[in-house]
Each structure stands twice: as C-alpha cells, then as structure tokens.
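Below are the chains, spelled out letter by letter.
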Amino acid sequence: MAPKPKPTQAKPSPPPSGGTSFSPSAVPLEDLFSALHRHAQSLEFDQAAKVADQVLAIAPGDEDAVRCKVVALIKSDAIDKALAAIADAGRLPIDLRFYKAYCLYRQNKLQEALDSLDGQERDSVVLQLESQILYRLGRMVACTESYEKLQRLKIDSVDLKTNIIAAMIAAGRASEVERTMDALKVKSSSSFELAYNTACSLIEKKKYAEAEQQLLSARRIGQEMLMEEDYADEEIETELAPINVQLAYVRQLLGHTKNQLKLMLSTKDVSDSLRKLDRLIEKSAGSKQFQLAHGLDFKLSLRQKEALYSNRVLLLLQANRIDQAQELVSALPEMFPDSVAPALLQAAVFSKPALLALAQIAAAANHFQISADSLSKVPDIQHTPATVATLVTLKERSGDIDGALAVLDSAIQWWKNAMTEDSKLDLIMQETASFKLNHGREQEAAQLYEELVKNHQSVEALVGLISTAARTNIEKAEHYEKQLRPLAGLKGINAESLEKTGGRSTLKGGWTPFG
C-alpha cells in the first residue's frame, strides 16, 4: 500500500513546565507549561492548543509554545489553523518549514510541500516526508532514491519498510521486491500492508494466481488485526478497500469477471453498492471536487483510485442516477489527466440520455426502426425486461421479425450467464416462446417450453408445451399431458358441449411489453 500519511516525528514533546486553562494573568507561566505538557501527553490536542495560546498571551513569540501550538493543531486535524499559526510566526526566528510542508502535504498541495523542504537538512524526518510527497506526485524513481537514503540510516520500522516496498513496486522494480524484503528482514505475513504490497509485486510480474492467494492472506491478516484493535465494521471495510479493489482486478485478469463487481463492493444490490462506495468517495459542500474518504487517498494507487471512481459512475448509470453520474464524470479528466478512461466514461454518460430521448421521439413519430437503433446503443440496459419488450415491439412494428427474435435470444443468453438471485430468465423465456409461437416458429417455441418445464417446473410452460407440441409432435404432447393435474370440479362436464364453446380471443400484434 502507499506510504503512511503522518511522519512519526511530527509530535515533538513540549517542555516540562506548567499551567491549565485559567486566565493567563492569574496563572504562572511555568504552570501553563506543565498543563501544556500534560495535555500533550494525554493526547488532548484541542486543550493543548488553547493552553499554548495562553502561554503566547504572556510570552509572545515563545518558540516552544509556538511549536507546541502548531503540532497540537496538526494532531487535531486543524490543518488550516496550523498553517495560519505558522504564517503568524513568520516574523519570528523559528524554522517551521517542516511543519508547513507537512500541512501542505495533508492538503494535497504536493509541489508546494516539496518546495517547502528545500534547504532543509535531510535527516530521517525530512526524508520520510519527502519520500511520501514524491510517492504522491508519482515521481517513483526519486521516491525510491529517498527511501534508499533512509535505509542507510538503519531505521528499524515496519511502516518504513512497507513504504520502501510500495515505492519500489510503483517505480517498476517489482523484480527486486523479494530480494529487498530479505535484506530488510521482513516477511509478507508481518502485516497486511506488506502482504498487499507483495501481491502487487506478483501482479507486476503477471503471477496472478499467486497474487490472488497473497491478497486473500492480506485480507485475513487485516481483518484479524483491525478487529483486535476494536475497529468498527465500516472502518475495517475502508481500511481493506485497496485489497478488495486489487483482488477484483486480479480475478478479472484470471477470467472471473462475473464476480468482479460483487467482490469489489461486497454487495448483491446496486443501491447497496452505491451506499458502500459513498462511504469511500466524498464531495465537499459547495464544491465540485470529489475526494476519497479520510486516509484512503494515501493508501490507493492512482490506478486503484480511478477504478473506484469509474465503478461509481457505472453504478450510477445502472441506477439511472444520470445527473450524479454526469457530475462525477465531469471531474474525472482533471483528476486523471493521463488516462483515457474519463473520456470514455463521459461519452457513455452524456450519450445515454440523448439516445433515450431520441428513441422516445422517434417512436412517437412512428419511426420504429430509428427508435430501436437508438435504444440498442445503450448497452447497460439491453438485458432488462422492459428494454427487451420495447425493442421487440419496435422491431415487430417495423417488420423486422428476425431482429426481434435476435433481441430475445440475446436476452435469454445474458440471463443464463448472469450471476444474480433476481433472475428474469423464466419471464424472458416464457415470453420468447410465446412470441416464436405467434410467428410460426413452433419447433423453437416447443424447445423453450420444454426447457422451462424440465429446469423450472413451470406449469404455464407445461400448458404451452402441450398446445405447441400438439401441432408438431402428438406423441410428445400426449407424454407431457399426463403431467397435468386434473382440476377439481370438472367431473360431469359435457366435453362435446365444451368443444362447441368459442375459444379465448387474442389481441393482434402478438407481443405485450412486460416489466
């Protein structure tokens, strides 16, 4: 996974002097410093920032108080306030460039963050932040070089070693990962992040089956570890999202495409899929800028981020939430300027409403073939019963019976391959058999009815099969007629008089749209 977001040294301890949240004029300065130290040690960073302000009210420009205030604001995620405090201290002889760089990094102002590190001594703290910034900028060669400098400092940290492996993979040096892990004395089982990064190296080497097993191991290790740390289910889902995204990608490469989206989103339902993705993708109030949930942006590669956004667009289209899909897809070119996927998604999103509108207008003007052609260009709805029925009706009215039959046969094949509990196969097959029967395709209709009887125990299909076979295969009709259960109350009815009764009348046209 990508480098960790927070450098460990961004927490300098305030000096041991004292105080608490009282009026600064009434409390000795040394007591305020003691309170400041106590709040920092107790991770009460909001309180620490307030006490630091009290110290500065008595001793303006105190370097320790300024540093403690900046760090406390960073630790409480008040990044804008931390930058404001750094700016206020600009006239003081205090070097806060590292903290400024870290705040800019947190705001995703990566080049500004890197520029703020210029001229600073490349100690372990600065090198870690520099490496993380370079990783986010996609400058993987420079990032790896920075991590190699850190290696020479002999820092024994699993997080650092994890980041080194991630940077090597991103820099196209997957072939070196195994040797580097041996040199660093770490195993893929040391953490779920290392297991994940090992899997990524296997993917780069096209060892997809091994990568799949490594990702499953990473997910198991992650679930166990996070549960032990009392993470909530939703938090675990967010933390392990990169693993599930990558696992879906690997299984797609292995040919397991039917389960890909289900795995990635852990859902069987479109609305549930969107709900889960909504927890991962956020939109700032009053802004068109989309972002990933807190922390996730640091853990996903650019390709994984693009996959998440793209899947949300496709799900919005499937849910017919066109406006939201258009809003999201409009932001993607700026987010992924080097990818062609945003342009393709834009074409899909913005063409769908136009094609549906054209289909509706053409049908209203009795241009049935034009309407059918327009509707056929919206691929993600071709299999739905309503679309199938509409296309069949349009093609039938334009005299294209073969085209209508092709639509039905294609829909049957789609539902046979679909992995869903809410299958419409029975319905599609029943209506297709009826349509074929009405257009002189008795043998094909009989085959469909027989399949429905054998595989789905459909009584309606049994009746259809008997009546159809009676025209082409009397033996088969008599065979299946024996499976019909006699209806109660029919005893004593005169068959001859019943035969004289007129049959049920049918509507012309032969096809009723079903939904």
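Residues numbered from 1 in each chain as written. Predicted model: local features only at pLDDT ≥ 70, side-chain atom pairs only at ≥ 80, totals over all residues. Heavy atoms only, no water.

So, on to the overall build of the chain. Summing up its helical and strand segments, the chain has 27 helices and two strands in all. The contacts of the chain with a sequence gap of at least 6 include a subset with a gap of at least 24, amounting to 51%. Put simply, the chain shows about 27400 Å² of open surface, and 50% of that area lies on carbon and sulfur atoms. (Helix = DSSP H or I, 4+ residues; strand = E, 2+ residues; numbered from the N terminus. Contact = heavy atoms within 4.5 Å. Areas by Shrake-Rupley, 256 points an atom, 1.4 Å probe, with all protein chains shown as cover.)

One pass over the full model with this rule turns up four aromatic pairs. Taken together, a centroid distance of 5.7 Å and an interplanar angle of 75° make the contact between Phe98 and Tyr99 edge-to-face. Across the pair, Tyr99 and Phe98 agree in class, each one buried. Ring centres 4.8 Å apart and planes at 75° place the aromatic pair Trp414 and Trp415 in the edge-to-face group. (Phe/Tyr/Trp six-rings, centres within 6.5 Å; stacked < 30°, edge-to-face > 60°. Buried < 20%, exposed > 50% of the residue type's maximum accessible area, 1.4 Å probe, protein only.)

What follows covers the pattern of salt bridges. For side chains of opposite charge, pairing can occur when their charged atoms come near one another. Inspection of every chain in the model, using the stated rule, returns 16 salt bridges. A salt bridge links Glu130 to Arg122, with the nearest nitrogen and oxygen atoms 2.9 Å apart. A residue is classified by how much of its surface remains accessible, and Glu130, at 11% relative accessible area, is buried. A salt bridge links Lys436 to Asp409; its shortest N-O distance comes to 3.1 Å. Of this pair, Lys436 sits in helix H23 (residues 425–438) while Asp409 is found in helix H22 (residues 401–417), placing the two residues 27 residues apart along the sequence. Residue class for Lys436 comes out buried when judged on its relative accessible area of 6%. Owing to a relative accessible area of 36%, Asp409 belongs among the partly exposed residues under this scheme. (Salt bridge = Lys/Arg side-chain N within 4 Å of Asp/Glu carboxyl O.)

A few words now on the packing of helix H2 (residues 45–58) against helix H3 (residues 63–75). Where H2 contacts H3, the axes come no closer than 8 Å and their chain directions differ by 155°. Classified by the angle their axes make, H2 and H3 are roughly antiparallel. Seen along the crossing, H2 lies across H3 with a hand that is left-handed. Taking contact as the criterion, the partners of Phe45, Ala48, Ala49, Ala52, Asp53, Val55 and Leu56 in H2 are, on H3, Ala65, Val66, Lys69, Ala72, Leu73 and Lys75. Here the contact of H2 with H3 is composed, by residue class, of ten nonpolar, no polar and three charged. (Axes fitted to C-alpha atoms, helices over the stretch in contact; angles between N-to-C directions. Parallel < 35°, antiparallel > 145°, perpendicular 65-115°, else oblique. Left-handed = near helix turned anticlockwise from the far one by under 90°. Nonpolar A, V, L, I, M, F, W, Y, C, P; charged D, E, K, R; others polar.)

Our next topic: H22. Given 3.6 residues to a turn, an α-helix orients residues that are three or four positions apart in the same direction. The terminal C-alpha atoms of H22, which comprises 17 residues, lie 25 Å apart, in line with the 24 Å expected from a rise of 1.5 Å per residue. The secondary structure elements touched by the buried residues of H22 are helix H21 (385–397), H23 and helix H24 (442–456). (Expected span 1.5 Å × (residues − 1).)

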